[in-house]
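Given next are the chains, with one letter for each unit.
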Amino acid sequence: MTSTRSVRVGPIQIGGGAPITVQSMASTDTRDVAATVAQIRAIEDAGCDLIRVAVPDMEAAEALGPIKSQIPIPLIADIHFDYRLALAAAQQGVDKLRINPGNLAKPEHVEAVAATAKERGIPIRIGVNAGSVPEKIRAKHEKDGDAQEQLAAAMVETALGHAELLERLDFTDIVVSLKAFDLRSTWLANRLFREVRDYPLHLGITEAGLPPSGIARSAIGIAALLREGIGETIRVSLTGDPVLQVRIGREILSSLELGGAGITLVTCPTCGRCEIDLAGLAHSVEDKLRPIDRDLRRERRSLRVAVMGCVVNGPGEARDADVGVAGGASRGVVFVQGKPVGTFAEGKLADALVDAVQNFLKHD
Ligand code: SF4
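What counts, and at which threshold
- All chains use their own residue numbering, which begins from 1 and follows the written sequence.
- At least 70 in pLDDT is required for a residue's local features to be given in this predicted model, at least 80 for side-chain atom pairs to be given and counted, and no such filter applies to totals for whole chains, interfaces and linings, which use all residues.
- Each side-chain value is derived from all of the structure's non-hydrogen atoms; neither hydrogens nor water enter the calculation.
- The criterion for a residue being near a molecule or strand is simple. One of its heavy atoms has to lie within 4 Å of it.
- Just so you know the grouping, Ala, Val, Leu, Ile, Met, Phe, Trp, Tyr, Cys and Pro go in nonpolar, Asp, Glu, Lys and Arg go in charged, and all remaining residues, Gly too, go in polar.
- Being paired, for any two strands, means DSSP has found at least two bridges between them.
- Helix and strand assignments come from DSSP, with helices taken as H or I runs of at least 4 residues and strands as E runs of at least 2, each series counted from the N terminus.
- What counts as an axis is a line fitted to C-alpha atoms, over the stretch in contact for a helix, and the angles between N-to-C directions run from 0 to 180 degrees.
- Between two residues, a contact is recorded if the distance between any of their heavy atoms is within 4.5 Å.

Undergrad: Explain the site of the ligand to me, please; I cannot follow it from the model alone.
TA: As a matter of local geometry, the ligand sits amid C268, P269, T270, C271, R273, C274, G309, C310, V312 and N313. Along the lines of polarity and charge, the residues of the shell around the ligand split into six nonpolar, three polar and one charged.

Pasting the structure below:
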């Protein structure tokens, strides 16, 4: 199967050939509406398409409406076990539910959630993590190959069990995730699932860890599947600031040329030839370009900006970019589409580059 079903989450389409989206999860207490809204806005600013919040109790469920009314991206309610929280979240106007139907206590609870979700046009994500696979399903797959193959088969059976509960109720507005900490199990599980169902897949490596190891682990795990055409939305699960999770997610898509909209920043690693503070310049340029990057992403436009340390590779790379700078002795040359437009003192280079970007975009 190459193409998946299409699932609509508010104004965002997942699957069915839509651009791959990046999502994240707020780390605030959902009951604290002001803190949650502030964090979601920062996350959205970094390029997040959809945001999920934890709904551990009814007070959190009742905060969803006020949160949703103050944010510009679709809101997903993350619920475990208690179907009443799912019904309350739906009534509060959320755009998607993450709940595993098989974990609800009674069949009539599954029916009530499916009926409400259907009536309101809200999809459901079935999220299976390695740690949540029931022991008896694991035991059934004890002879299915090595440990990772066994885990993958058990995860897929668990997800299918949840999906079948909904399918029996004629509910197929479903997204599925199959996440493990180890990359091969995640890869195997998603490939296996794609062979048997065409629901869009939400990719991620669960509990990937702290940066930088969590970044490497997530990037490799997610990219391996995306390269095979598997995965319609992604979430990078790092410990720490969700803004960083989103930035890494966007970088994964941009590196695979799957989500090229926005600014691609090319910077050299520096060496003994560099005579400016290139890392400082690159960080300053990245910070100053962030609002432009956000606008370009919204307009689905792309721009390549190069920040290079010296005249050896610098001018060539800077010339290949839309806008670039090549450093010299405490100064640098700014290029726009291969043509030098001025030489600036090191302290003025970041602003000169940003001005050149703005001018370029105005005339592009
Ligand atoms: Fe070194 Fe110049 Fe290459 Fe940067 S561009 S790594 S400073 S040779």
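Undergrad: Where do I start with the pairing of strand β14 (residues 331–336) in this structure?
TA: Side chains on a regular strand alternate between the two faces of the sheet. With five bridges connecting them, strand β13 (residues 323–327) and β14 associate as antiparallel partners. When the sheet's bridge partners are listed, G327 is paired in β14 with G332. Hairpin connection from β13 to β14: three residues lie between these consecutive antiparallel strands, with S330 at a positive phi of about 55°. Sheet analysis places β14 next to strand β15 (residues 339–345), joined by six bridges and oriented antiparallel. Note that in β15 the partner of F335 across the bridge is P340. Between the antiparallel neighbours β14 and β15 lie two residues, among them Q337 with a positive phi of about 45°.

Undergrad: Can you walk me through the sheet that holds strand β6 (residues 96–98) in this structure?
TA: Strands pair in a sheet through their backbones, by hydrogen bonds, and they do so in one of two ways: parallel or antiparallel. With respect to topology, eight strands assemble into a closed barrel ordered β3-β4-β5-β6-β7-β8-β9-β10, the strand pairing being parallel. Across this sheet, the average inter-strand angle for adjacent strands is 25°, counted without regard to direction. In terms of strand pairing, strand β3 (residues 21–25) meets strand β10 (residues 233–235) through three bridges, oriented parallel. From the neighbouring strand, T21 faces β10, where its bridge partner is T233. The sheet strands contacting helix α7 (residues 147–167) are β7 (124–129) and β8 (174–179), and the helix crosses β7 at an angle near 155°.

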